[in-house]
Amino acid sequence: MKFMGLDIGGANTDCCIIEFDNDYNIISLSKNKYYLPFWIKHEKLPECLKELKGSNDIDVVCVSITAELADCYKTKRQGIIDITGMVESTFKDEDIYYVTFDGLKNYEYVNQNPLSAAAANWIGTVNLIKHLKDTCIFMDMGTTTTDIIPIKDKHEISQGYTDTQRLMNGELVYTGLLRTNVATIVNHVYIESNKTNVSSEYFTITADIHRILGHISEEQYTCDTPDGADKSIDSCKNRLTRLVCGDIETISNETIMDMAEYIFEKQIQQVEESLKQVVFKTGIQNVVLSDIGLGNICRIAADNLKLNVINLNDYIPQPIVSIITTLGAIQMYLDLKDVNINILEKIYNMDK
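Bear in mind that the values here come from a model prediction, so they are computed numbers and not experimental data. (Residues numbered from 1 in each chain as written. Predicted model: local features only at pLDDT ≥ 70, side-chain atom pairs only at ≥ 80, totals over all residues. Heavy atoms only, no water.)

## Some words on the packing of aromatic side chains
Basically, it comes down to this: Each pair of aromatic rings taken from Phe, Tyr and Trp, with Trp reduced to its six-membered ring, is defined by centres within 6.5 Å and is described as stacked if the planes are under 30 degrees apart, edge-to-face if over 60, and tilted in the remaining cases. We call a charge positioned above a ring when the Lys NZ or Arg CZ atom is no farther than 6 Å from the ring centre and deviates by at most 35 degrees from the ring normal.
Within this structure, the stated rule accounts for eight aromatic pairs. One aromatic cluster in this structure is built from Phe-3, Phe-20, Tyr-24, Tyr-97 and Tyr-333. One Lys or Arg, Lys-105, reaches over the ring of Tyr-109 and ends 4.9 Å from the middle of that ring.

Written out as structure tokens, the structure reads:
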């Protein structure tokens, strides 16, 4: 039986395809990502989905959605209805299920209750992580946002469900490894010890910071650059100088590196403050985390609070960590059908 897990985001659509034998041992597992900026070309989603599917004969498609927040839609309701409609028109012969706050549901349910599927992707993640640690806080920094999800006795105990509620309760932090406008992290930096206010223009993003600091490679810089230039370290440094209305001729390399380190520290603080809020409310001291790149922002934030850290990379290969949400959606299907398996455990044992 072959499953396709999809996480349709505003900038990236993540995909995994996993095939099981009759005893639910994994025959094959593949991953893919498609960069599709919804605010520009959301109508290209069917093309994206067909490319991700390729020549695979899929039995079940499990979908989570966050792209409804893209500003090509006036409301989240409109976004969910449009996106699910495109999914249904693309996969006409497959069984399709959607991750919602009410569990895994079919199209008819979501069409009648569209907000139940809005930004519900983290629900799928919980259904995967609970098999690893039944009581913990799961932290996951992606390209755009960071999830901080409390789980107790294998159930999520979040204070909020919508993005607005989660922002209010520290369970969603709008800071990510790649796409975050640096001006939302700092309102000043230091140039030769002088406190210097920054420009709020869209000059530079966190991908530039982490590229400069060696946390990500050029290949891991998967989003568009603010100026349309390349993703070399020199270009990243040039974009960062624009934050203080300078350029690489007027801002020294030493100052550029100092600026990058300062912004990195402030991004850690953003995550740490929200994590502290969740820890205070729940009392949970165990943290399961997933970090992409080498910045280890979630780990540093957890270590600063002296929490017990479990790294997901110790259980599954790093490339698989990046598709954990898609695997979570498939885990929800297996749980729904009372198939008593743990996908993380199956992946861990694949090469043994």
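## Some thoughts on the sheet that holds strand 3 (residues 26-35)
To keep it simple, the criterion reads: A pair of strands is labelled paired if DSSP reports no fewer than 2 bridges between them. In DSSP terms, a helix is any run of H or I states spanning at least four residues, a strand is any run of E spanning at least two, and both are numbered starting from the N terminus. With axes taken as lines fitted to C-alpha atoms, and helix axes fitted only over the stretch in contact, angles between N-to-C directions fall between 0 and 180 degrees. Any two residues having at least one pair of non-hydrogen atoms within 4.5 Å are treated as being in contact.
One open sheet holds the six strands; their spatial order is 3-2-1-4-5-6, and the pairing between them is mixed. The sheet is open, and its two edges are formed by strand 3 and strand 6 (103-105), each paired on a single side. In this sheet, neighbouring strand axes are inclined to one another by 20 degrees on average, regardless of whether the strands run parallel or antiparallel. Sheet topology note: the strand 2 (residues 12-20)/strand 3 ladder contains nine bridges and is antiparallel. From the neighbouring strand, Cys-15 faces strand 3, where its bridge partner is Asn-32. Taken strand by strand, helix 3 (residues 76-90) contacts strand 1 (2-8), strand 4 (60-65) and strand 5 (95-100), and its axis lies near 155 degrees from that of strand 5.

## Looking at the domain arrangement of the chain
Short version of the rule: Start and end points for every domain follow an automatic or database-based domain assignment. Here the quantity called buried area is the accessible surface, traced with a 1.4 Å probe, that two parts lose on coming together, added over both. The working definition used for a salt bridge is a side-chain nitrogen of Lys or Arg within 4 Å of a carboxyl oxygen of Asp or Glu.
Each assigned domain of the chain is listed here: domain 1 (2-118 + 315-351) and domain 2 (134-314). One C-alpha centre belongs to domain 1, the other to domain 2, and the line joining them spans 26 Å. With 14 residues of domain 1 in contact, the opposing surface of domain 2 contributes 18 residues. Summed over both partners, the interface of domain 1 with domain 2 buries about 1400 Å², with 55% contributed by carbon and sulfur atoms. Counting across the domain 1 and domain 2 interface gives zero salt bridges.

## Structural notes on a negative patch on the surface
This is how it is decided: The patches described consist of residues with a relative accessible area above 30% and no salt bridge, like charges being joined within 9 Å and nonpolar side chains (Val, Leu, Ile, Met, Phe, Trp, Tyr) within 5 Å. Surface accessibility follows the Shrake-Rupley procedure with a 1.4 Å probe radius. Residue values consider only the protein chains on display as shielding. By the counting scheme adopted, Arg and Lys are positive, Glu and Asp are negative, and His together with the chain ends is not counted. Just so you know, the charge point we use is NZ for Lys, CZ for Arg, CG for Asp and CD for Glu. For every residue, the accessible area (1.4 Å probe, protein chains only) is compared with the maximum for its type, and the residue is labelled buried under 20%, exposed over 50%, or partly exposed between those bounds.
Residues Glu-192, Glu-254, Asp-258, Glu-261 and Glu-265 make up a contiguous surface patch of negative charge. Of note, Glu-254 is situated in helix 9 (residues 253-282). With relative accessibility at 60%, the residue Glu-254 sits in the exposed group.

## Let's talk about the pattern of salt bridges
Summed over all chains, the structure comprises seven salt bridges. Salt-bridge contacts for Asp-208 lead to Arg-239; the nearest nitrogen and oxygen are separated by 2.9 Å. Note that Asp-208 is positioned in helix 7 (residues 206-212) and Arg-239 in helix 8 (residues 233-241), a separation of 31 residues in sequence. One exposure class covers both Asp-208 and Arg-239, and it is buried. Beyond isolated ion pairs, a larger network of salt bridges with shared partners links Asp-208, Asp-227 and Arg-239.

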